[in-house]
Amino acid sequence: QVQLVESGGGLVQPGGSLRLSCAGRGFMFSRYAMSWYRQAPGKERELVARIGSSGGDTNYADSVKGRFTISRDNAKNTVYLQMNSVKPEDTAVYSCNAYGSAMWFGGDEYDYWGQGTQVTVSS
């Protein structure tokens, strides 16, 4: 059974820091690009950060560049999002995504999601 479980969310003050974790089970973690998405109330879901399967290729939304860092530990089947200098507008449910491209899976694509963890930035 494929499973992605996020943790580390909670309440944090503006300017503070938080680290989210996402642990994968039941799939070849090291062959998947991993991403963090977020969705705030009344807003569309947006890509926050993405990291390639090897960890050497990262992408960030403009709104979080310089503040957030995505990383992964394939030995632990875990991806992280280090959130620094958080702002109230970072408040959202953060979800973990695993994407397996066709080049690894014989022409098939795979896309898995966790259930999300709430991050609230408030004083």
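These remarks concern the structure in this document. Treat the numbers as computed from the prediction; the structure is a model and nothing was measured. For every chain, the first residue of the written sequence is number 1, and numbering continues from 1 along that sequence. Reporting in this predicted model follows two pLDDT cut-offs: at least 70 for local features of residues, and 80 or more for side-chain atom pairs to be given and counted; totals over whole chains, interfaces and linings ignore these cut-offs and use all residues. Side-chain figures throughout are based on the complete set of non-hydrogen atoms in the structure, without hydrogens or water.

So, on to the overall build of the protein chain. In terms of regular secondary structure, the protein chain is built from zero helices and eleven strands. Taken from N to C terminus, the helices and strands of the protein chain fall in the order β-β-β-β-β-β-β-β-β-β-β. Here the protein chain has a C-alpha radius of gyration of 14 Å; the compact-globule value for 123 residues is 14 Å, and the two agree. With respect to the three principal axes, the spread of C-alpha positions in the protein chain is 50 × 25 × 25 Å. Only DSSP runs of H or I reaching four residues or more are called helices, and only runs of E reaching two or more are called strands; each is numbered from the N terminus. Every radius of gyration here is taken over C-alpha atoms, with the globule rule written as 2.2 Å times N^0.38, N being the number of residues.

Further remarks concern unusual backbone geometry. A positive phi angle, near 50°, is found at Asn77, a position not held by glycine. Mapped onto the elements, Asn77 comes out in the loop between β7 (68–73) and β8 (78–83). Positive phi, normally seen in glycine, also occurs at Ser85, with a value near 50°. Mapped onto the fold, Ser85 is located in the loop between β8 and β9 (92–100). Taking the relative accessible area as the measure of exposure, Ser85 reaches 41% and is therefore partly exposed. Note on exposure labels: buried denotes an accessible area under 20% of the residue type's maximum, exposed denotes more than 50%, and partly exposed covers the range between, all computed with a 1.4 Å probe on protein chains only.

Before going further, it helps to spend a moment on the state of the cysteines. Here is the idea: a disulfide is a covalent bond, and it sits between the sulfur atoms of two cysteines. Throughout, disulfides are identified as pairs of cysteine sulfur atoms within 2.5 Å of each other. One pass over the structure, following the stated rule, counts one disulfide. Between the sulfur of Cys22 and that of Cys96 lies a disulfide, 2.1 Å long from S to S. Between Cys22 and Cys96 the sulfur-sulfur dihedral comes to about -85°; the bridge is accordingly left-handed. Residue Cys22 is found in strand β3 (residues 18–25), and its partner Cys96 is found in strand β9; the two are separated by 74 residues along the sequence. A single burial state applies to Cys22 and to Cys96, both of which are buried.

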